[in-house]
Amino acid sequence: MSDEPADPPVTRSHIYLVRHGETEWSLSGRHTGRTDIPLTETGEAQARAAGRVLAGHDFGVVYTSPRQRARRTAELAGFGDRAHVLEDLAEWDYGAYEGLLKPEIERLHGGPWSIWADGAMKDDEGRGEDAADVQARARAVIERVRPALVAGKDALVFSHGHFLRSLAVTWLGVPISSGERIALDTASLSILGFEHGKHVLRLWNRTPYTE
């Protein structure tokens, strides 16, 4: 049975997804969930490039993750005055794995590890999410933007790699583990939409800074 959310007959609205620009930890491969670190100089240039592609587009709603790397990306892309902070757009909470590289996580885990299958180990404060937790937030984001879509408006969200991959596969109604198969680069642009009443992927991982 599909997990695709039910929708009224909307065909022309879209959800634009923008991953934040490069940070020191995204560059090194460290898992960055709740740690609030800034963009690098390259990340700021990437965000401006995304803004050049989005410039002039009329969005019904604009939301951003509360983390400064996403909020700064929204600002540099030209949407700082319109972007409302939405807690559900925060990155996956990696719990005890926060700030670690995958080989370090696998040593703690005791073998091969995937965030999609294994989730995060709880830290001493009980923080850390599994796939079901993140998918619940993804569904909440879809519900938040749904009124704009029904009204024929596009939505724009600024968020993070693992969360946006989770949002995309939730939109498509496929298992959240499918997110493992769709890589997403920093400051990339992706678009979710409709075709013949079905949820579809219109664009994935366009990187304006390379164009």
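Residues numbered from 1 in each chain as written. Predicted model: local features only at pLDDT ≥ 70, side-chain atom pairs only at ≥ 80, totals over all residues. Heavy atoms only, no water.

### Considerations on the packing of aromatic side chains
Here's step 1: Across all of its chains, the model carries six aromatic pairs by this definition.
Here's step 2: Judged by centre distance (5.7 Å) and plane angle (75 degrees), the ring pair of F59 and F79 falls under edge-to-face. In this pair, F59 is assigned in strand β2 (residues 59–64) and F79 in helix α3 (residues 68–79), connecting sequence segments 20 residues apart.
Here's step 3: Accessibility expressed as a relative area gives 2% for F59, which makes it buried.
Here's step 4: The interplanar angle of 45 degrees and the centroid separation of 6.2 Å between the aromatic rings of F79 and F158 together place this pair among those described as tilted. One end of the pair, F79, is in helix α3; the other, F158, is in strand β4 (residues 154–159), and 79 residues separate them in sequence.
Here's step 5: Exposure remark for F158: the relative accessible area of 1% places this residue in the buried category.
Here's step 6: Cluster of aromatic residues (ring-pair linked, three or more members): Y16, F59, F79 and F158. (Phe/Tyr/Trp six-rings, centres within 6.5 Å; stacked < 30°, edge-to-face > 60°. Helix = DSSP H or I, 4+ residues; strand = E, 2+ residues; numbered from the N terminus. Buried < 20%, exposed > 50% of the residue type's maximum accessible area, 1.4 Å probe, protein only.)

### Overview of the packing of helix α6 (residues 131–150) against helix α7 (residues 161–172)
Here's step 1: Where α6 meets α7, the closest approach of the two axes is 9 Å, and the angle between their N-to-C directions is 65 degrees. What the angle tells us is that α6 and α7 run roughly perpendicular. For the pair α6 and α7, the sense of crossing is right-handed. Of the residues in α7, those in contact with V134, Q135, R137, A138, R139, V141, I142 and L149 of α6 are F163, S166, L167, T170 and W171.
Here's step 2: Its residues placed into classes, the contact of α6 with α7 shows eight nonpolar, three polar and two charged. (Axes fitted to C-alpha atoms, helices over the stretch in contact; angles between N-to-C directions. Parallel < 35°, antiparallel > 145°, perpendicular 65-115°, else oblique. Left-handed = near helix turned anticlockwise from the far one by under 90°. Contact = heavy atoms within 4.5 Å. Nonpolar A, V, L, I, M, F, W, Y, C, P; charged D, E, K, R; others polar.)

### Considerations on the nonpolar core
Here's step 1: Core analysis: the biggest nonpolar cluster contains 36 residues, and I15, V157 and L167 have the highest contact counts within it.
Here's step 2: Mapped by element, the contributors of at least two residues to this core are β1 (15–19), β2, α5 (115–118), α6, β4, α7 and β5 (189–195).
Here's step 3: The element contributing the most residues to this core is α6, with eight residues.
Here's step 4: Beyond its immediate sequence surroundings of up to four residues, I15 is in contact with V145, L149, A155, V157, W171, S190, I191 and L192.
Here's step 5: By size, the runner-up hydrophobic cluster in this structure holds 13 residues, among which are Y16, L54, F59 and V62. (Core = buried A, V, L, I, M, F, W, Y, C linked by side-chain atoms within 4.5 Å.)

### Thoughts on the side chain of R137
Here's step 1: Residue position: R137 is located in helix α6.
Here's step 2: Only 2.7 Å separates the side chain of R137 from the backbone oxygen of D88, close enough to count as a polar contact.
Here's step 3: What R137 contacts, discounting residues up to four positions off in sequence, is E87, D88, L89, A90, E91, W92, D93, E129 and F163. (Polar contact = N/O pair within 3.5 Å; in protein donor to acceptor, adjacent residues only side chain to side chain.)

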